[in-house]
Amino acid sequence: MRQVGSWVARVGVGFTRACVVTVVSMLVPAVWAAAVALGIWWGAANPWSWVAPLVLVCGGTLALSRPVCRMVRFLVARWTATVVPAGYRQAAPVTRMSTGYWWNGFSYERTRRDALLDQKGRLRWKDPATWRDLRFTGIVPLTAGVVAAVPPAGVAAAVLGLSRPGLVARLVGALGLALAVASAPYAWRLVEPVAVRFLRLSPAMVLAGRVEELTAQRADSTVAQAAEIRRIERDLHDGAQARLVALGLSLATAEKLMETDPERAKELMRDARVGATASLAELRELIRGISPPVLNERGLVDAVRALALDIPLDVTVSADGRLTLDPPIESALYFGVAELLTNAVRHAHASRARVSLARNEADLVVEVEDDGRGGADERAGGGLAGMRRRLAVFDGTLEITSPPGGPTRVRMALPCESL
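Since the model is a prediction, treat every value here as computed from it, not as a measurement.

(A) The arrangement of the layout of surface pockets in detail. Approximately 420 Å³ is the volume attributed to the second largest pocket. Asn 343, His 347, Ala 376, Asp 377 and Leu 384 are the residues nearest the centre of the second largest pocket, which is lined by 21 residues in total. Mapped onto the lining of the second largest pocket, the elements with two or more residues apiece are helix H13 (327-346), strand E6 (363-370), helix H14 (383-392) and strand E8 (408-415). Among the elements that line the lining of the second largest pocket, the one with the most residues is H13, at four residues. Its residues placed into classes, the lining of the second largest pocket shows eight nonpolar, seven polar and six charged.

(B) Main features of the pairing of E6. Counting buried positions along E6 gives six out of eight residues, so the element sits mostly inside the fold. Note that strand E5 (residues 352-360) and E6 share eight bridges and pair antiparallel. The partner of Arg 354 across the bridge, within E6, is Glu 369. In the sheet, E6 pairs with E8 via eight bridges, with the strands oriented antiparallel. Bridge pairing in E8 links Val 366 to Met 412.

(C) Structural context of the pairing of E8. Of the pairings in the sheet, the one linking strand E7 (residues 397-401) to E8 comprises five bridges and is antiparallel in character. Note that in E8 the partner of Thr 397 across the bridge is Ala 413. A loop of six residues connects E7 with E8, the two strands running antiparallel in sequence, and Gly 405 in this loop sits at a positive phi of about 95 degrees.

(D) Main features of the packing of aromatic side chains. Summed over the entire model, instances satisfying the criterion amount to one aromatic pair. When the ring centre of Tyr 88 is taken as origin, the NZ or CZ atom of Arg 66, which lies over that ring, is 4.0 Å away. In this structure, Arg 132 is placed above the aromatic ring of Tyr 88, and the distance from its NZ or CZ to the ring centre is 5.6 Å.

(E) Structural detail: the sheet that holds E8. Read across the sheet, five strands follow the order E4-E5-E6-E8-E7 without closing on themselves; strand pairing throughout is mixed. Edge positions in the sheet fall to strand E4 (314-319) and E7, since each of these pairs with one other strand and no more. Taken over all neighbouring pairs, the strand axes of this sheet differ in orientation by 10 degrees on average, direction set aside. Judged from the six bridges that link them, E4 and E5 form a sheet pairing that is parallel. Residue pairing in the sheet places Asp 314 in a bridge with Arg 352 of E5. The strands touched by H13 are E5, E6 and E8; relative to E8, the strand with the most contacts, the crossing angle is about 175 degrees.

(F) Geometry of the sheet that holds strand E2 (residues 102-103). Taken in spatial order, the three strands line up as E1-E2-E3 in an open sheet, and their pairing is antiparallel. The outermost strands of the open sheet, each flanked by one partner alone, are strand E1 (95-96) and strand E3 (108-109). Relative to E2, E1 runs antiparallel, the two sharing two bridges. Looking at the pairing, Arg 96 lines up with Trp 102 of E2.

(G) Quick look at the environment of Val 83. For Val 83, the location among the structural elements is in the loop between helix H3 (51-80) and E1. Residue Val 83 is classed as exposed on the basis of its relative accessible area, which comes to 66%. Along the sequence, Val 83 and Arg 200 sit 117 residues apart, while their C-alpha atoms lie 9.7 Å from each other.

(H) Inspection of helix H9 (residues 191-198) at higher detail. For H9, the set of buried residues is Val 191, Val 194 and Ala 195. The arc that holds every buried residue of H9, seen down its axis, measures 100 degrees, which confines them to one face.

(I) A look at the environment of Asn 104. Mapped onto the elements of the fold, Asn 104 is located in the loop between E2 and E3. You can call Asn 104 buried: its relative accessible area is 0%.

(J) Seen up close, a nonpolar patch on the surface. On the surface, Met 97, Tyr 101 and Tyr 108 cluster together into a nonpolar patch covering about 290 Å² of accessible area. The residue Met 97 is located in the loop between E1 and E2 in this model.

(K) Summary view of helix H8 (residues 167-187). If you check H8, its first and last C-alpha atoms are 28 Å apart, about what 21 residues at 1.5 Å a residue would give, namely 30 Å. At Val 181, H8 shows its maximal bend, which comes to roughly 30 degrees, and the proline Pro 185 appears one to four places after that position. Taken together, the buried positions of H8 are Ala 169, Gly 173, Gly 176, Ala 180, Ser 183, Ala 184, Pro 185 and Ala 187.

(L) Here's a closer look at the packing of H3 against H9. Look at H3 against H9: their axes get within 10 Å of each other, and the N-to-C directions meet at 125 degrees. Our classification of the angle between H3 and H9 gives oblique. The handedness of the crossing between H3 and H9 comes out as left-handed. Here Val 72, Val 76 and Thr 80 of H3 come into contact with H9, specifically with Val 191, Glu 192 and Ala 195. Considered class by class, the residues forming the contact of H3 with H9 number four nonpolar, one polar and one charged.

(M) Structural view of the packing of helix H7 (residues 150-162) against H8. Axis separation between H7 and H8 bottoms out at 7 Å; the angle between their running directions is 160 degrees. Taken together, the axis directions place H7 and H8 in an arrangement best described as roughly antiparallel. With respect to the hand of their crossing, H7 and H8 are arranged in left-handed fashion. Here Val 150, Pro 151, Gly 154, Val 155, Ala 157, Ala 158, Gly 161 and Leu 162 of H7 lie close against H8, whose contacting residues are Ala 169, Arg 170, Gly 173, Ala 174, Gly 176, Leu 177, Leu 179, Ala 180, Ser 183, Ala 184 and Ala 187. The residue inventory of the contact of H7 with H8, partitioned by class, reads 13 nonpolar, five polar and one charged.

Parameters at a glance
- Here the residue index of a chain counts from 1 through its sequence in written order.
- Totals for whole chains, interfaces and linings use every residue, but because this is a predicted model, local features are given only for residues with pLDDT of at least 70 and side-chain atom pairs only at 80 or more, for both listing and counting.
- Side-chain metrics rest on all non-hydrogen atoms present in the structure, leaving aside hydrogens and water.
- Here the term cavity refers to a set of points on a 1 Å grid, laid over the protein atoms alone, in which a 1.4 Å probe fits but cannot get out; the term pocket refers to an open set having protein on both sides within 12 Å along at least five of seven lines, with lining residues being those that place an atom within 4 Å of a point.
- Grid points are joined across faces, edges and corners, and a volume is the space filled by probe spheres set on the points.
- Secondary structure elements follow DSSP: runs of H or I no shorter than four residues count as helices, runs of E no shorter than two count as strands, and numbering proceeds from the N terminus.
- Ten residue types, Ala, Val, Leu, Ile, Met, Phe, Trp, Tyr, Cys and Pro, are classed as nonpolar, four, Asp, Glu, Lys and Arg, as charged, and the remainder, Gly among them, as polar.
- With a 1.4 Å probe rolled over the protein chains alone, any residue whose accessible area is under 20% of its type maximum counts as buried; one over 50% counts as exposed, and the rest are partly exposed.
- Any two strands with at least two DSSP bridges between them are considered paired.
- Side-chain rings of Phe, Tyr and Trp (the six-membered ring for Trp) are treated as a pair once their centres are within 6.5 Å; stacked means planes under 30 degrees apart, edge-to-face means over 60, and tilted covers the remaining angles.
- Cation placement over rings: the criterion is NZ of Lys or CZ of Arg within 6 Å of the ring centroid and within 35° of the ring normal.
- As a rule, the C-alpha atoms of each element are fitted with a line to give its axis, helices using only the stretch in contact, and angles between N-to-C directions run from 0 to 180 degrees.
- Any pair of residues with heavy atoms lying within 4.5 Å of one another is described as a contacting pair.
- It is the directions from the helix axis to the C-beta atoms that the arc portrays.
- Each patch is built from residues that are more than 30% exposed by relative accessible area and take part in no salt bridge. Like charges join if they lie within 9 Å; nonpolar side chains (Val, Leu, Ile, Met, Phe, Trp, Tyr) join within 5 Å.
- The Shrake-Rupley method, run with a 1.4 Å probe, gives the accessible areas here. Residue values count only the displayed protein chains as cover.
- For this document, the term salt bridge refers to a Lys or Arg side-chain nitrogen within 4 Å of an Asp or Glu carboxyl oxygen.
- Expected span of a helix, by definition, is 1.5 Å for each gap between consecutive residues, and there is one gap fewer than residues.
- Two axes enter the bend calculation: one fitted to the seven residues ending at the residue in question, the other to the seven starting there, and the bend is the angle between them.
- Our angle categories are set so that under 35 degrees counts as roughly parallel, over 145 as roughly antiparallel, 65 to 115 as roughly perpendicular, and the remainder as oblique.
- We call a crossing left-handed when the near helix sits turned anticlockwise from the far one by less than a right angle, and right-handed when that turn is clockwise.

Take it as geometry only, folks, not as evidence of what the structure does.
Following this line, the structure appears as structure tokens:
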């Protein structure tokens, strides 16, 4: 009995999905049919009767191509967990120049509205994904749409056949019902391979996206490097340099007072020694912020464990043995863990945290979880956005799960051939 109920459920779900696929895939052909009907109604004798249907076909196809493709991607991802990347080009920020004109990434315009309209039009026509979507809207009705239409067509035949008298009509109705029931669990499934085959990113689109990503990474690296140099310069100028200048003045004064006021000279020497110790401590702290010595001497795992001891949290660190990584990758992951643990203390008000470092085939996966209040979001210019950019330099990924109330779980994954 349970098997019968499961089979009935499969038929019902399959029939519903087949109807959805049929409606979505036939939207553009419905516009074409409406254009043909309009041309027939207008009359072939009118020499301008083809204008309105042509405008309807072109405008309707262009307007519906992208929504149809987005809906197909959504359905495939929801029903089969297969994610088909969209690959649409993103619009660059529109900025106002010192001349008063607006730059949209393509041209200069007098007003921001004109710049946005020009940018939208250029992106739409120059984006290879637009032509890919147009091709898909012509292919999907003849493939997945036709197959998905079999169950609803069978039900329609069954309703028409069984509602009419006569043996032939009832036989046609019975055959239609049997066809609909038998094909319902499978008719919608063709939409997945069709979407994967014809909606996937082409090699040219992948290459263009990679070039844009590398360009953005280069700009981020340049900005981050300049900011780090300014930070080091500021720390040296405000801290160690000021102390060393004061140390030099104290030693010069002590040298002058050595013969006339030995006690005062000794006091200045003691102050100079304290200043030298403080300057050395500041320099060590600055060096630790650039490249922690424990990271260079003992590796990533021991460096994270040493970091956990300095954090005012109950931090548990687990790792798959000793990991041998390239120094830039170790540094990126170490400072990423430090950023997340600091956020757990400062923003999430957590009491416990867990850090795990594990190998996953050719990737190194680092997970940081805390029991804080959650609600962490990735804001532009924030620490999490900067962490994502730093990981992207090494083709790494960052996944953040932080519902309100917690817990917060962050997963960093980096491809590491040196593992």
